[in-house]
Structures are given as structure tokens and as C-alpha cells.
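Below, each chain spelled out in residue letters.
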Amino acid sequence: MSEKIITRFAPSPTGNLHIGGARTALFNFLYTKKYGGKFILRIENTDKERSQKEFETNIIGGLDWLGLEYDESYKQSDRGEVYKKYIQKMLDDGKAYEAEDKVIRFRNPNTKIKFNDLIRGEIEFDTSDLEDFVIAKSLEEPLYHLAVVIDDHESRVTHVIRGEDHISNTPRQILIQEAIGAKRPFYVHIPLILAPDRSKLSKRHGAISLLEFKDKGYLSEAVINYLALLGWNPGTDQEIFTMKELIEQFDLSKIQKGGAIFDIKKLDWVNKEHIKRLPPEKQLEILLKSIENESYMTGEPELDVAKISWKKETPENTLKHLEEAAKIIEHGGNLMEYAEKVGKGNVLWPVRYALTGAEASPDPFTILEILGKEKSLKRIQNAIMVLKDAS
RNA sequence: GGCCCCAUCGUCUAUCGGUUAGGACAACAGGUUUUCAAUCUGUGAAGCCGGGUUCGACUCCCGGUGGGGUCACCA
């Protein structure tokens, strides 16, 4: 290795950290850790109107939850003097000029810019399509392209790993680099994470805060694992990874070119697989916490008459079983004994369904205990009523 | 619309010129007559289209088509 790898994740605090941003951060992190480099977090808040402290907190909280530690961090709002120096120099050199409308524009040399993207190969743009774009509102107010180039230059960033939506920004940034004599980093434009309709993920389609996954009880290891698999694969059949394994196996050449749709069902499966690998006591803790949020814990279950009876059992018999079960529960009798006598499923299924309204849930005895006698009996009576109404 | 990127099952993907095109999720069917099910088994499901190159193309080239991104004094 001739040069130490330096990467950065550069979110703008104009929104919460969502899965797309989280995956970009993850890829930067994995690549850096694999080669023992340095990973920088840079908060891009040159837009004072749209940037909010709340989003900054959310982004940092999200990275922290995922365990994506950075070696260094800074905010663009703290670097006004640095940008000012560069803008003045560009003005002095004639690389930029103050336009009549009081903004500072880049003097576009109108050349062809060709760059090599590490996962897409050579990409060429004719920058004469671009006008003299604005690089700063004033000496004190730099804009995105300028700030990015200066920061990457001063931080000696070697690899710019970012979303594919930045491909069209690259030629402008290269133009600025050349104007200030900065070295060109390697570019790695990773595919976008898509909404189910294949459009870019936006708030509309659930570009929800990453932290909501935490609130919903997902394991950060599972989220990391699933995100890594969106657009990357190890070339083997392995699908469940620890962070350590991801770092070992991560490879830019295995990154996909096309966008990938986020599939919550697969995340659920990955999450399940990670839970299975946890010690039993930890699993219990997760189970208990997940039950708290179930609909049957927060409200009354809604029953579908057709689902009350177990498989081929008749509604008449089910009615009888439920009435009997209610009696047994009321007097603290042995429900299992009765169930074994007339067929376990015939009794246990309707009881559990009456209590939860769910096809999948913990077993009836656990639910009975959690709900308590009074609430449980009320729900069973309700199921009996629903059954009677239907006949 | 201009410019740019992309294209294998519904979804995530393997294949780096020679495979019955493999795996996973999901779906569907069935088993375990629910103290356990965050289970087990099985089934269906794909190379966008048209030209080349080649003994041989999912794979390489060209052209379509389709999808996406981007065109701010936002990032």
C-alpha cells in the first residue's frame, strides 16, 4: 500500500439519516477499515437556511447506533476562513470572478472532463454544456461544489465513495480541483437504493429515519448486514455476516452497478437470523420488547370469523371449545388437559386467535398470562359473539 | 427535453465466452393435529428487443427500447 486510504461521509443536515445515507457511510467505513485507513465525518451545512441542528443530531445518532465510528469529524460552518482564502485566491488568479449579480462565478474553461470511476469505468462530460456556475454567494458564503473540493483536498481524501446521484456533479468538482491545483481523488459512485417503484428514495416512499429501525426493534447488526447486501455481495452464498466478516470480505469490485429496491421482508429475515445467533436470555429480552408493540397489546384484536376455527374444525365445535375454555380459565382449570382430549389445535388455535387476532404470535398460555384473566375472558367472549353472529 | 448512469426470477443477486442459468427473500403447496412456528420439506418463477463478433454468447461490440439520476445563489 503506497498511500493511506482516506474516505469521508459527507451528509447535509437538511434531513434525517436514511437507509441510503447509512449505506453510503457503511461502504466508506468498510473500505476504510479493510485497508486500515482514516474515515472522516463531514457535516455539509453551508446552507444555513436548510441545515438544522436536529438533523445533525439524528445523523450522528444513526451512525453511532450502527457502530460506524469515524476517526475525525468537522463541520463546514466552522471553516469559513479556509474557504475565504481559496475564494480570494481564485479571484486573484482569474479562475473566478464577481458577477454583476453579486455572486462569485467560476470561469469555466469549457473543456472535456474524463474521469475513471472505480465501479463504472471511464465517464466523459463536455463541460461546455455548463455555464459559469456559482461557487459562492460571497467571500463568506461558499456553496456546495467549492466547499466539497476544498475539504476533500485539505483532508487529503483519496477515495470519494458516494451515491450515483453525484456523477453529474463530478465534472464541476474536477474543474474546481484543477483551478486550485488539488489532486484528483478516486471516484466510486455506488448505485442508489430505490423505492418499490424504482424511483429515488424520498420521504414520500418511506425514506424514514434510520433510527426508526432501532425504535422498531431491529438489531443494528441486522441493518448493517442487510444494507451491505444491497448492491454488494461476496460472490459466495453467504448472506449473514458480522461486521468483522464484512470488513474482511468487502471489495469495491463486487459492487453492483444498478440500483436496488429496499425490501423490508428480507430485512426482517436477516434480522431474524441475527436474533437466532444471540444467547437465549438476550432473545427473551427482544421477544418481550417486541410483544409490547404488538397490536393486541396496544388495542383490542380485530377478528376475522373465517380464521377463528382451526383448520377443518367446524364453527359449532369451535364455539363449544371456546365456551369450555372460558369456563376453565375462569376457574383456573387445566386448559391443556381439555385441549389434549379434543385435539390441541382445535382449542389452542381459536383461543390464541381470540386473544391476539394474529395468525402468528406467542403461544396462548403466554398471552393468557400477559393479558390476565379478566382481559382474556373478555376477548374470548368477544370471539364467541363474533362466531354466533356469523351463524 | 439536453447530458450522464443502468438493464438475469416479483425482490436482492451468482455467472467474469461453453452451467439442466445457481442461491436467498417473498409467493404458493404440503408436513409437524400449536408448550411453540422467529419451524421443516417441496413447487413455480429470469437473461428487455434487434443486429453483429465467435465453433459457441446472459457474458464482448453497435443500435433500439425501458428505467433511473441530474440539470439552483440545495446538497
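Reading the values: rules and limits
Residues numbered from 1 in each chain as written. Chains lettered and ligands numbered in written order. Predicted model: local features only at pLDDT ≥ 70, side-chain atom pairs only at ≥ 80, totals over all residues. Helix = DSSP H or I, 4+ residues; strand = E, 2+ residues; numbered from the N terminus. Rg over C-alpha atoms; globule rule 2.2 N^0.38 Å. Buried ≥ 20, exposed ≤ 12 C-beta atoms within 10 Å, placed from the backbone. Contact = placed C-beta atoms within 7 Å. Near = placed C-beta within 6 Å. Nonpolar A, V, L, I, M, F, W, Y, C, P; charged D, E, K, R; others polar. Domains from an automatic or database assignment. Pairing = 2+ DSSP bridges. Core = buried A, V, L, I, M, F, W, Y, C linked by C-beta atoms within 7 Å. Right-handed = clockwise from strand over helix to strand, strands pointing away. Axes fitted to C-alpha atoms, helices over the stretch in contact; angles between N-to-C directions. Parallel < 35°, antiparallel > 145°, perpendicular 65-115°, else oblique. Left-handed = near helix turned anticlockwise from the far one by under 90°.

**Focus on the overall build of chain A**
Part 1 of the argument: In terms of regular secondary structure, chain A is built from 17 helices and 13 strands.
Part 2 of the argument: For 391 residues, the compact-globule estimate of 2.2 N^0.38 gives 21 Å, and the C-alpha radius of gyration of chain A, at 29 Å, exceeds that figure by more than 25%.
Part 3 of the argument: By its C-alpha atoms, chain A is 90 × 45 × 35 Å across when sized along the principal axes.
Part 4 of the argument: Counting over 391 residues, chain A shows a buried share of 34%.
Part 5 of the argument: Taking the intrachain contacts of chain A between residues at least 6 apart in sequence as the baseline, contacts between residues at least 24 apart amount to 76%.

**Some words on the protein's contact with RNA strand B**
Part 1 of the argument: Taken together, 59 residues are adjacent to RNA strand B, and S12, E44, G258, G345 and D363 come closest.
Part 2 of the argument: Elements represented by at least two residues in the surface near RNA strand B include exactly β7 (121–126), β8 (134–138), β13 (260–261), α9 (264–276), α10 (280–292), α15 (344–356) and α16 (364–371).
Part 3 of the argument: A total of 6 residues in the surface near RNA strand B trace back to one element, the largest contributor, which is α9.
Part 4 of the argument: Residue composition of the surface near RNA strand B, by class: 22 nonpolar, 15 polar and 22 charged.

**Focus: the domain arrangement of chain A**
Part 1 of the argument: By domain assignment, chain A separates into domain 1 (6–194), domain 2 (203–292) and domain 3 (299–390).
Part 2 of the argument: Relative placement of domain 1 and domain 3: their C-alpha centres are 60 Å apart.

**Concerning the sheet that holds strand β9 (residues 141–142)**
Part 1 of the argument: The strand order β4-β5-β8-β9 describes an open sheet built from 4 strands, whose pairing is antiparallel. Either end of the sheet is taken by a strand with one partner, and the two such strands are β4 (96–98) and β9.
Part 2 of the argument: Two elements, β8 and β9, share 2 bridges in a ladder whose sense is antiparallel. Paired with S138 across the strands is E141, a residue of β9.

**Focus: the environment of E54**
Part 1 of the argument: With respect to the helices and strands, E54 occurs in helix α2 (residues 53–66).
Part 2 of the argument: The exposure class of E54 is exposed, given the 10 C-beta atoms found within 10 Å.

**Things to note about the nonpolar core**
Within soluble globular proteins, side chains that are nonpolar tend to cluster in buried spots.
Part 1 of the argument: Ranked by internal contacts, the top residues of the largest apolar core, which has 48 residues, are A22, L26, V223, Y226, L227 and A228.
Part 2 of the argument: Taken together, the elements giving at least two residues each to this core come down to α1 (19–34), β2 (38–43), α2, β10 (159–163), β11 (186–190), α7 (220–229) and α9.
Part 3 of the argument: With 8 residues, α1 is the single largest residue contributor to this core.
Part 4 of the argument: Looking at which domains feed residues into this core, each of domain 1 (6–194) and domain 2 (203–292) gives three or more.
Part 5 of the argument: If we skip the residues at most four places from it in the chain, L227 touches I19, A22, R23 and L26.

**With respect to helix α4 (residues 144–154)**
Part 1 of the argument: Within α4 the residues assigned to the buried category are L146, A147, V148, V149, I150, D151 and D152.
Part 2 of the argument: Downstream of α4 by a residue or two, R156 has a phi angle that is positive, lying close to 55°.

**What to know about the pairing of strand β3 (residues 72–75)**
Part 1 of the argument: Of the strand pairs in this sheet, β2 and β3 are connected by 4 bridges, and their pairing is parallel. In the strand pairing of β3, I43 is matched with K75.
Part 2 of the argument: Remark: the β2/α2/β3 crossover connection has right-handed handedness.

**Side note on the packing of helix α13 (residues 315–330) against helix α14 (residues 335–342)**
Part 1 of the argument: For the pair α13 and α14, interaxial distance at closest approach is 9 Å and the crossing angle is 155°. Overall, the two elements α13 and α14 adopt an arrangement that is roughly antiparallel. Relative to α14, α13 is oriented so that their crossing is right-handed. Together, H321, E324, A325, I328 and I329 of α13 and L335, Y338 and V342 of α14 make up the contact between the two elements.

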